[in-house]
Amino acid sequence: LWLGDGRPEWPARDASRLAALGVRTAVLDDAELSARFPAINPCPGAPDVLAADPHRCGGGGPHLLELDAGFIDPLDVLADLIDSAREQGVELRFGAKVVGVELQGGRVAGARLADGSAVACETLISASGPWCLRLFERIGLDCPWRLEPVRIQVAHLDRPAGVEGALPVVCDVAGGI
């Protein structure tokens, strides 16, 4: 469920885009959202805990619901990908910091690791997320993205007894969560 942020155009636009990809969706107004998921508040504004002004909730609809979406355990997916890669002969090294890239004729020929060793390869895939910029700068590779590493906190709470009905995975567009 993608909660609305008060902009009325994007849910219908994204529903059309997803439909072209074979993804079933529904665009819900605030009343439909509340009827389907009574525990979810459609208000796009976060309460200001520092101000003395009381928060007044308002609707943020329309909202976009992916009808066939689900949840997967990312650790299980990662374990499956690791097993599959190894079955295909891929060598995986964890905790091996790449400090340089060997080039021959303008193409990748290998990677230099922090422990002083080198790995010969024709293809090098960076899986370092926003930390990739450090390596890219070191080897002179221009990257159009300005990425900033941040720590993301995840909390798991048991469902309170008073919360009833289905609860989808929710994306809060207005809050960026």
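J.: Sorry, what's going on with the overall build of the protein here?
T.: Along the backbone of the protein there are 4 helices and 7 strands. The order of α-helices and β-strands along the protein, N terminus first, is β-α-β-α-β-α-β-β-β-α-β. Scaling as 2.2 N^0.38, a compact globule of 177 residues should have a C-alpha radius of gyration of about 16 Å, whereas the protein reaches 23 Å, well beyond that. Seen along its three principal axes, the alpha-carbon backbone of the protein occupies a region of about 60 × 40 × 35 Å. Taking the intrachain contacts of the protein between residues at least 6 apart in sequence as the baseline, contacts between residues at least 24 apart amount to 51%. Per element, the accessible surface of the protein, about 13,300 Å² overall, is 56% carbon and sulfur. The centroid of the 16 positive side-chain charges in the protein is displaced by 6 Å from the centroid of its 25 negative side-chain charges.

J.: Whenever I open this one, a nonpolar patch on the surface confuses me. Can you help?
T.: Taken together, Ile-72, Val-77 and Leu-81 make up a surface patch of nonpolar side chains, about 280 Å² in accessible area. The class for Leu-81 is exposed, based on a relative accessible area of 55%.

J.: For this particular structure, what's the right way to read helix H4 (residues 132-139)?
T.: An α-helix turns once every 3.6 residues. As a result, residues three or four positions apart point the same way. Burial in H4 covers these residues: Cys-132, Leu-133, Leu-135 and Phe-136. Projected down its long axis, H4 shows its buried positions confined to an angular sector of 160 degrees, all on one face. More than 90 degrees from the buried face of H4, the exposed residues found are Arg-134 and Glu-137. For H4, the secondary structure elements touched by its buried residues are strand E4 (98-104). The positive-phi residue at the C-terminal boundary of H4 is Gly-140, with phi of around 80 degrees.

J.: Whenever I open this one, the sheet that holds strand E6 (residues 118-120) confuses me. Can you help?
T.: Within a sheet, adjacent strands bond to each other through the backbone by hydrogen bonds, running parallel or antiparallel. Read across the sheet, 3 strands follow the order E4-E5-E6 without closing on themselves; strand pairing throughout is antiparallel. The open sheet has two edge strands with one neighbour each: E4 and E6. Here the average twist between neighbouring strands, direction ignored, is 25 degrees. Pairing between E4 and strand E5 (residues 107-113): 6 bridges, direction antiparallel. Its bridge partner lying in E5, Glu-102 is registered against Gly-110.

J.: Can you walk me through the state of the cysteines in this structure?
T.: Covalently bonding the sulfur atom of one cysteine to the sulfur atom of another cysteine gives a disulfide. Across all of its chains, the model carries 0 disulfides by this definition. Cys-132 supplies the cysteine sulfur nearest to Cys-143, a cysteine that is in no disulfide, at a spacing of 5.1 Å. On the basis of relative accessible area, Cys-143 is assigned to the buried category, the value being 8%.

J.: What is the right way to look at the nonpolar core in this model?
T.: Among soluble globular proteins, nonpolar side chains are generally buried collectively. Judged by nonpolar contacts, Leu-1, Leu-3, Ala-26, Leu-28, Leu-33, Phe-37, Ile-40 and Leu-65 together constitute the single largest core of 8 residues. Contacts of Leu-1, omitting those with residues within four sequence positions, involve Leu-33, Phe-37, Ile-40, His-63, Leu-64, Leu-65, Pro-168, Val-169, Val-170 and Cys-171.

What counts, and at which threshold
- Residues numbered from 1 in each chain as written.
- Predicted model: local features only at pLDDT ≥ 70, side-chain atom pairs only at ≥ 80, totals over all residues.
- Heavy atoms only, no water.
- Helix = DSSP H or I, 4+ residues; strand = E, 2+ residues; numbered from the N terminus.
- Rg over C-alpha atoms; globule rule 2.2 N^0.38 Å.
- Contact = heavy atoms within 4.5 Å.
- Areas by Shrake-Rupley, 256 points an atom, 1.4 Å probe, with all protein chains shown as cover.
- Lys, Arg positive; Asp, Glu negative; His and termini not counted.
- Charge placed at Lys NZ, Arg CZ, Asp CG, Glu CD.
- Patch = residues over 30% accessible without salt bridge, like charges linked within 9 Å, V, L, I, M, F, W, Y side chains within 5 Å.
- Salt bridge = Lys/Arg side-chain N within 4 Å of Asp/Glu carboxyl O.
- Buried < 20%, exposed > 50% of the residue type's maximum accessible area, 1.4 Å probe, protein only.
- Arc of directions from axis to C-beta.
- Pairing = 2+ DSSP bridges.
- Axes fitted to C-alpha atoms, helices over the stretch in contact; angles between N-to-C directions.
- Disulfide = S-S within 2.5 Å.
- Core = buried A, V, L, I, M, F, W, Y, C linked by side-chain atoms within 4.5 Å.

Honestly, it's all geometry; don't read function into it.
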